[in-house]
Amino acid sequence: MKKLFPSYMKALPYLSALLFTLNAHATGISVLGGLNYGGYPAYTTQPSYSLSNTSGSLQFSYGIMVDTPIDSDWGLDLGLLYLTLSYGGTLAGPAPGGATTSTPYTSTNSYLVVPILATYRISILKTGLGPYIASGIGNVDFKGTTTVTAGGSTVATQNSSTNLGYGDTHLNSFDFGLAAEVGGDYNIVPNWDLVGTAFFTYSLTNAAMSNNTAYSSLKMMNIALFLGARYSL
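Structure report, in brief.

Regarding the pattern of salt bridges
In step 1: Using the criterion set out here, one finds five salt bridges in the structure.
In step 2: Where Lys126 meets Asp77, a salt bridge forms, and the shortest distance between an N and an O atom there is 2.9 Å. In this pair, Lys126 is assigned in strand β6 (residues 125-150) and Asp77 in strand β4 (residues 74-94), connecting sequence segments 49 residues apart. As far as burial versus exposure is concerned, Lys126 and Asp77 are alike and both buried.
In step 3: Salt-bridge contacts for Arg121 lead to Asp185; the nearest nitrogen and oxygen are separated by 2.9 Å.

Spelled out as structure tokens, the structure:
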């Protein structure tokens, strides 16, 4: 099994120090849970492959967000989110002897996402925009059924199910991109608010490794709806 945290995640102590510094001036910490829909909406297959019938499914995700004010309107949010993506499609490609393959598949994998957002507040409403970095955690769960066709006839059918590390599935575990949020909070008792937010990420990196035989480019996208509680410090 590949290491869960590659070498670039040595930056985590520095992120922890930043979180600690922000926390010293923070006004609130939110604990969030909800559903997200994600996958790879932007992709380029290798010349001999094609993808169709793409789809995703809802997955449970959760995390924490720390908010720090700059003034009465502007602020900074720093988070640590665990997001699970589940998506699929039908991948068609070549096979030996002039045959072709068709593989309907689903793939599920998870990321730890660290967003750093500049926020603007209007009363109880808040919007945010900024970068994020993410690290793949655990394995990539892949399930598919491959049908081999030659001369218009089916010559073989094979079910496959793998649970491998990111590198073994030719996916990069590192991701970087843009994140946005739109949400609000409502005070219910002293020091406690009910929080709701829509959270969006779009990748600026290529998730497909150079040795990926089916894809030359994959970009991660995620839309999550969170509910939670915010404690005012």
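A few points about the packing of aromatic side chains
In step 1: In the structure shown here, the tally under the stated rule is six aromatic pairs.
In step 2: A ring pair is formed by Tyr62 and Tyr82, whose centres lie 5.2 Å apart and whose planes are at 20 degrees; its orientation type is stacked. With Tyr62 in strand β3 (residues 58-69) and Tyr82 in strand β4, the pair connects residues that are 20 residues apart, well separated along the chain.
In step 3: Judged by relative accessible area, Tyr82 falls into the partly exposed class, the value being 24%.

A word on the environment of Gln59
In step 1: Inspection of the secondary structure puts Gln59 in strand β3.
In step 2: With relative accessibility at 22%, the residue Gln59 sits in the partly exposed group.
In step 3: Separated by 25 residues in the primary sequence, Gln59 and Gly34 place their C-alpha atoms 8.3 Å from one another.
In step 4: Those residues in contact with Gln59 that sit more than four places away from it in its chain are Gly34, Leu35, Asn36, Thr84, Leu85 and Ser86.
In step 5: Side chain to side chain, Gln59 and Ser57 meet in a polar contact 3.4 Å long.

Rules of the game
- Residues numbered from 1 in each chain as written.
- Predicted model: local features only at pLDDT ≥ 70, side-chain atom pairs only at ≥ 80, totals over all residues.
- Heavy atoms only, no water.
- Salt bridge = Lys/Arg side-chain N within 4 Å of Asp/Glu carboxyl O.
- Helix = DSSP H or I, 4+ residues; strand = E, 2+ residues; numbered from the N terminus.
- Buried < 20%, exposed > 50% of the residue type's maximum accessible area, 1.4 Å probe, protein only.
- Phe/Tyr/Trp six-rings, centres within 6.5 Å; stacked < 30°, edge-to-face > 60°.
- Contact = heavy atoms within 4.5 Å.
- Polar contact = N/O pair within 3.5 Å; in protein donor to acceptor, adjacent residues only side chain to side chain.

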